[in-house]
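Chains, contacts and geometry: an overview
Residue-level listing of the chains:
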Amino acid sequence: MQDYIGAAEKNGITLYGEGKCQFCGANTTRGVHECVEIFSLGFELIDYSKPENHLYRFLSVDAHTLQHPEIHGRWNNHFHLSRQHLIFEYKIHWQYDLSSKLSEYLNKYKVDKQDEFLQPPKILERGQITTTDIRSNSKTSAECQEMIQKWGMEVYISWKAHHELIDKIAQGFINKNVNIKYKRNQTWP
Ligand SMILES: [Zn+2]
């Protein structure tokens, strides 16, 4: 995340250091910088040393990145939306080693897809929940987990224009990694 200022510059985006976060609308006083700080602290109510809590780290990183694509490289959208899709739609029990496998898969995928760009939803229309909501509105670890889950889902839904394309990536990834256990969510629209 330290590199977000450089990434914004590369994307030709001016960052504002006052008021609400210009990308997600979080109720900050130092703009996106504060939003990134809150996110980087990782919502301290959750004990990430417990393996069962790793999921909330993955969900937070995906949600924040996809809410702030202007401060990341363009291929990050593919990675984080694919991971959300694999977690939400295919119910994959995500673990760290799967993230490296997904990166590997996407590195090969993008070689002949240099023109493929996932146009993000409009600024401030990438889910209502923001970093400051999670910090202010959760008092227990369980509440925080629930909010992160909702946050992830809202952001995921806001990117629905790309779900079809991402599903092809998800299927390709699953076919390449035959040992992954998954259960397709059949009720999802
Ligand atoms: Zn923000």
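To be clear, the structure that these remarks concern was listed above.
Our subject in this report is the structure included herewith.

Conventions used here
- Here the residue index of a chain counts from 1 through its sequence in written order.
- Reporting in this predicted model follows two pLDDT cut-offs: at least 70 for local features of residues, and 80 or more for side-chain atom pairs to be given and counted; totals over whole chains, interfaces and linings ignore these cut-offs and use all residues.
- Put simply, DSSP H or I for four residues or longer makes a helix, DSSP E for two residues or longer makes a strand, and each gets a number counted from the N terminus.
- Here, expected helix span is obtained from the residue count minus one, scaled by 1.5 Å.
- Exposed residues have 12 or fewer other C-beta atoms within 10 Å of their own C-beta, buried residues have 20 or more, and residues in between are partly exposed; the C-beta atoms are placed from the backbone.
- Our arc is simply the arc of the directions from the helix axis toward the C-beta atoms.
- Contact between two residues is assigned whenever their backbone-derived C-beta positions fall within 7 Å.
- A set of buried residues drawn from Ala, Val, Leu, Ile, Met, Phe, Trp, Tyr and Cys, joined through C-beta atoms within 7 Å, is what defines a nonpolar core.

Right, let's talk about helix α8 (residues 163–176) for a bit. Side chains three or four residues apart in an α-helix point the same way, a direct result of the helix having 3.6 residues per turn. Between its terminal C-alpha atoms α8 stretches 20 Å, which fits the 20 Å expected from 14 residues at 1.5 Å a residue. Within the span of α8, buried status applies to Ile 166, Ile 169, Ala 170 and Phe 173. Along the long axis of α8, the arc covered by the buried residues comes to 100°, so they all point the same way. Facing away from the buried side of α8 by more than 90 degrees, the exposed set consists of Glu 164, Lys 168 and Asn 175. Summarising the contacts, the buried residues of α8 are in contact with α4 (75–88) and α5 (96–109).

Attention now moves to the nonpolar core. One finds Ile 134, Cys 144, Met 147, Ile 148, Trp 151 and Val 155 to be the most contacted residues of the largest nonpolar core, which totals 28 residues. Only α3 (54–67), α4, α5, α7 (141–158) and α8 provide two or more residues apiece to this core. Here this core takes six residues from α7, the largest share from any one element. Residues in contact with Cys 144, not counting those within four places in the same chain, are Phe 43, Leu 45, Ile 46, Ile 134 and Ser 138. Residues Cys 21, Cys 24, Cys 35 and Phe 39 belong to the second largest nonpolar core, which totals nine residues.

By secondary structure assignment, the location of Lys 139 is in the loop between α6 (131–137) and α7. For Lys 139, a count of 9 C-beta atoms within 10 Å translates into the label exposed. Distance in space between the C-alpha atoms of Lys 139 and Thr 28 is 19 Å, their sequence separation being 111 residues.

Between the first and last C-alpha of α7 there are 26 Å, a value that for 18 residues agrees with the 26 Å anticipated at 1.5 Å per step. In this structure, the buried residues of α7 make contact with α3, α4 and α6.

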